[in-house]
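Spelled out, the chains give:
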Amino acid sequence: MLEGFTTDLVLLAFCAWGASALIAGRDMPLPMSLLLATVRVSVPLVYFAWYFDATWNVGDDLVYAAHGRELINCGYNPVTVLLHDHGRGYLQSLSQGHHVLYGWWNLLAMSLFGEHYYAPVFLNVVVTFVGGSLLARTVRQLGFSAGYCLGLQVFWLLHWDLIAWSSLLNIKDVLVQTLTIAIFFFLVSFISQRKTRFLVGFLVVAQLFWWIRFYVPVIVLTAVMIWMLTQWNDSRKYLFIPVGAMAFYFVAPMISGAKDYWQFDTLFYGAVRFTLTPIPWNVEQVYEYLVIPTSLHWLSFIPALIGVGLLWSESKYSRLFFIYLACLVGLYAITEDLLGPRQRFQVAFLFAWAQFHFAWKMQPAWSDARAPNPDCRSMAGAWPMPSGGQLVACEGNLP
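Since we're looking at a predicted model, the values are computed, not measured.

### Observations concerning helix 10 (residues 173-193)
- In a regular helix each residue adds 1.5 Å, so 21 residues correspond to 30 Å; helix 10 covers 30 Å between its end C-alpha atoms and thus fits that length.
- Within helix 10, 21 of the 21 residues are buried, which leaves it mostly tucked inside the rest of the structure.
- After helix 10 finishes, the residue Arg194 shows a positive phi value of roughly 55°.

Put into C-alpha cells, the structure is as follows:
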C-alpha cells in the first residue's frame, strides 16, 4: 500500500500547494502563505508516501473513495453525473439517500488527479484554506483588528485538530466544517451590509447542506433566533418570531425521524463526553493519530473556556457563534450514536478561536484584541444590533 513519492502524488501535492498558497495570499504576505501551504501539504505528502497502511481508516472514508471510483468506471464525470437523470439517480443509490455531495466531491477529486484515495484528501487541504480565509473575514467584520484576524487565520490553519483530520483521512467533515464557516460568513455579511449577494450565498450554502448534513442550517437558524431574542434590544426582533416558526414548520418533517435517537437524560454526560472525547490515555488504535491533538485539546480546554468567557463579555456579536456551539453540543449530547470526535471536528474552529483569544489576551499589549475595534466605523444602514448600535465594518483588504 506504500507507494513512495510517485508522479501522481507529487504532482497532486504541488497543485494543492499552489492553490493553498494563492488562497492564503489574498489575506497575508506571499512568503507567509507559501510557508503555510508548504507545512500543510507536506503532512499528507509524507504520510501517503511513507506511512499509509489503512490502519487509521474509519470505514466510510473507504466507501467514499469506492463511490468515486465506481462513478468514474461507469463513465461519469463531475458534470455529466449531475446533468443526467440516471447519473443523479446512481449517485443517490450509492449514497443511499440525498447525502450525495461528498460522493460527488470524491468523483471531482479523482477525475482531476487520478483514482487515488489521497486525491480528495489533498482537495480537502485546499478547502481548509478557504475556510481559514472566510473565518478571518468573518471575525474582521465583527470588529476585530487586522492583526488579530491574521493571527487567528494562521493559528487555525496550523491547528492540531485541523491538521489531523484533514491531512490523513478522506472524510466529509472537512467539507461540513468549511460550509459551516461559509454560512456564518454570509450571515454576518448580510446582517452588516444587507446586500442581496450575501443572502443568495447564505441560501446556496444552506441548500448544499441538504446534500451533506441537512440539519446544520436548522441549528444555525435556532442559534440566530436565540441570539436575536436574547441579545437584541430592538423591539422589532419579535417580528422575526413568525418567520422562525414558519421555517421550523417546514423543516420539522425532516428531523422527525431523528427523535427516536434522542435521550434527554444523558444531556449533561453527553455534553461532557462530546467536548472531551477521546481520552488521551485511552485512544483506540484506529484513532492513534489523535493522541497528540486530543492531548493538546485537553491541555487547552480550560484556556478555551476562559476565551469563550472573554469573547462573550467583550463582543455581543460573537455570542451568536457560541450559542450555535451550545445548540450543536446539546443536539449531539442527547444522540449517543453521534458522540464521537469526528462530530466535534466540525466546530473545532470555534474551540480554536476561543483558544487563540485566550492566548492573545495573555500578550502584554492585549488591548488590540478588544472588540469592536475603535478604528472601525459603523456600517451605514446596518441593522440595529444587541447593544442598540450597529454592526461594524472595518477598512482593510476584506470585502
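### Quick notes on the pattern of salt bridges
- This model, assessed by the stated rule, comprises six salt bridges.
- The salt bridge involving Glu314 is made with Lys361; its shortest N-O contact spans 3.0 Å. On the criterion of sequence distance, the pair formed by Glu314 in helix 16 (residues 301-314) and Lys361 in helix 19 (residues 348-361) is long-range, its members being 47 residues apart.
- The exposure class of Glu314 is partly exposed, given its relative accessible area of 23%.

### What about empty space enclosed by the protein?
- Tallied over the full model, the rule gives two cavities of 30 Å³ or more.
- Taken as a whole, the second largest cavity spans an internal volume of roughly 40 Å³.
- Lining the second largest cavity are Asp161, Trp165, His297, Pro341, Arg344, Phe345, Ala348 and Phe351.
- Counting only elements with at least two residues in the lining of the second largest cavity, the list comes to helix 9 (160-168), helix 18 (341-345) and helix 19.
- A breakdown of the residues in the lining of the second largest cavity according to their chemical character gives five nonpolar, one polar and two charged.

### With respect to the nonpolar core
- In terms of nonpolar packing, the biggest core is built from 115 residues, with Phe48, Phe122, Tyr148, Phe321, Tyr324, Leu350 and Trp353 touching the most fellow members.
- Residues within four places of Phe122 in sequence aside, it is in contact with Leu9, Leu12, Ala13, Ala16, Val41, Pro44, Leu45 and Phe48.

### Details of the packing of helix 10 against helix 12 (residues 216-231)
- For the pair helix 10 and helix 12, the least separation of the axes is 11 Å and the interaxial angle reads 35°. Here helix 10 runs over helix 12; the crossing is right-handed. Mapping the contact onto sequence places Thr180, Ile183, Phe184, Leu187 and Ile191 in helix 10 and Val216, Val220, Val224 and Trp227 in helix 12.

### Quick notes on unusual backbone geometry
- The omega torsion across Thr277 and Pro278 is -5°, close enough to zero to call that bond cis.
- Within the fold, Pro278 resides in the loop between helix 14 (267-276) and helix 15 (291-299).
- The backbone of Gln96 sits at a positive phi, close to 55°, despite the residue not being glycine.
- Turning to its location among the elements, Gln96 is positioned in the loop between helix 5 (85-95) and helix 6 (101-113).
- Classification of Gln96 by relative accessible area gives exposed; the value is 76%.
- Positive phi is not limited to glycine here, since Arg194 has a value of about 55°.
- Turning to its location among the elements, Arg194 is positioned in the loop between helix 10 and helix 11 (196-210).
- Overall, the relative accessible area of 43% leaves Arg194 in the partly exposed class.

Calculation notes
- Residues numbered from 1 in each chain as written.
- Predicted model: local features only at pLDDT ≥ 70, side-chain atom pairs only at ≥ 80, totals over all residues.
- Heavy atoms only, no water.
- Helix = DSSP H or I, 4+ residues; strand = E, 2+ residues; numbered from the N terminus.
- Expected span 1.5 Å × (residues − 1).
- Buried < 20%, exposed > 50% of the residue type's maximum accessible area, 1.4 Å probe, protein only.
- Salt bridge = Lys/Arg side-chain N within 4 Å of Asp/Glu carboxyl O.
- 1 Å grid on protein atoms, 1.4 Å probe; cavity = no way out; pocket = protein on both sides within 12 Å on 5 of 7 lines; lining within 4 Å.
- Points joined across faces, edges and corners; volume = space filled by probe spheres on them.
- Nonpolar A, V, L, I, M, F, W, Y, C, P; charged D, E, K, R; others polar.
- Core = buried A, V, L, I, M, F, W, Y, C linked by side-chain atoms within 4.5 Å.
- Contact = heavy atoms within 4.5 Å.
- Axes fitted to C-alpha atoms, helices over the stretch in contact; angles between N-to-C directions.
- Left-handed = near helix turned anticlockwise from the far one by under 90°.

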